[in-house]
Amino acid sequence: MASSSSYNPPCAACKFLRRKCIPGCVFSPYFPPEEPQKFANVHKIFGASNVAKLLNELLPHQRDDAVNSLAYEAEARVRDPVYGCIGAITFLQRQVDRLQKELDAANADLIRFACSDVPLQAAQPRPQEAAGTRNVGIGGGGGRFYQTGGVPISYDVPWNDIYNSHGGGMDGSN
């Protein structure tokens, strides 16, 4: 005798709990039979009844995100029972801090190199200014460097305000 109904394998939760998977099973949309470890981790950390209660309290469109969060936390707790996903977050935060410091150092190098190029370009006096021989500070909010010439040459570069707010001009004074 052939059965007229098609066979649907039980979801990973029902298979793990060794129970019959009914058509309205709250676990079946989120724990497919192909991912048994996903439910095993969630069950080990949170318990099947707690997860079922949580899923029943949530709106249907919120359940998928909740299950993904539970699965992520459960996997992290299995890997690191003490810190769980907080350990991963802390590691990533330290990496962000380290990379931010590297970026700040690279920006400081860029500023230093860019500012060291400005005096070379600005130090060339124009023919009408070549008559004067006194030292004149060149600025316009930028670093402090000097040239022999008559009229100060102003320059406007976007990093000058940042550079001056962190310790002064190019001559090391504040």
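Residues numbered from 1 in each chain as written. Predicted model: local features only at pLDDT ≥ 70, side-chain atom pairs only at ≥ 80, totals over all residues. Heavy atoms only, no water.

As recorded in an unreviewed UniProt entry, the chain goes by Elongator complex protein 1 and comes from Salvia divinorum.

S.K.: Which residues make up the side chain of R63, and what values do they have?
M.R.: Take R63: it is sitting in helix α4 (residues 60-79). Despite its burial, R63 pairs with no opposite charge, the nearest such side chain being E57 at 10 Å. The residues contacting R63, other than those within four sequence positions of it, are V26, Y30, L55, N56 and L58. (Helix = DSSP H or I, 4+ residues; strand = E, 2+ residues; numbered from the N terminus. Buried < 20%, exposed > 50% of the residue type's maximum accessible area, 1.4 Å probe, protein only. Lys, Arg positive; Asp, Glu negative; His and termini not counted. Salt bridge = Lys/Arg side-chain N within 4 Å of Asp/Glu carboxyl O. Contact = heavy atoms within 4.5 Å.)

S.K.: Run through the packing of aromatic side chains, naming residues and quoting values.
M.R.: In this structure the tally under the stated criterion is four aromatic pairs. Aromatic pair F27 and F39: ring centres 5.4 Å apart, planes at 65°, arrangement edge-to-face. With F27 in the loop between α1 (12-17) and α2 (36-46) and F39 in helix α2, this pair connects stretches of sequence that are twelve residues apart. F39 sits in the buried class, given a relative accessible area of 0%. Here the aromatic cluster, defined as three or more aromatic residues joined through ring pairs, consists of F16, F27, F31 and F39. Directly above the aromatic system of F113 lies the positively charged group of R112, at a separation of 5.5 Å from the ring centroid. (Phe/Tyr/Trp six-rings, centres within 6.5 Å; stacked < 30°, edge-to-face > 60°. Lys NZ or Arg CZ within 6 Å of the ring centre and 35° of its normal.)

S.K.: Explain the pattern of salt bridges residue by residue, including any values.
M.R.: Counted according to the given criterion, the structure contains five salt bridges. The residue K38 makes a salt bridge to E35 at a minimum N-O spacing of 3.8 Å. One salt bridge in this structure joins R79 and E75, with 2.6 Å as the shortest N-O distance. You can see R79 and its partner E75 sitting in helix α4, four residues apart, about one turn around the helix. For E75, a relative accessible area of 35% corresponds to the partly exposed category.

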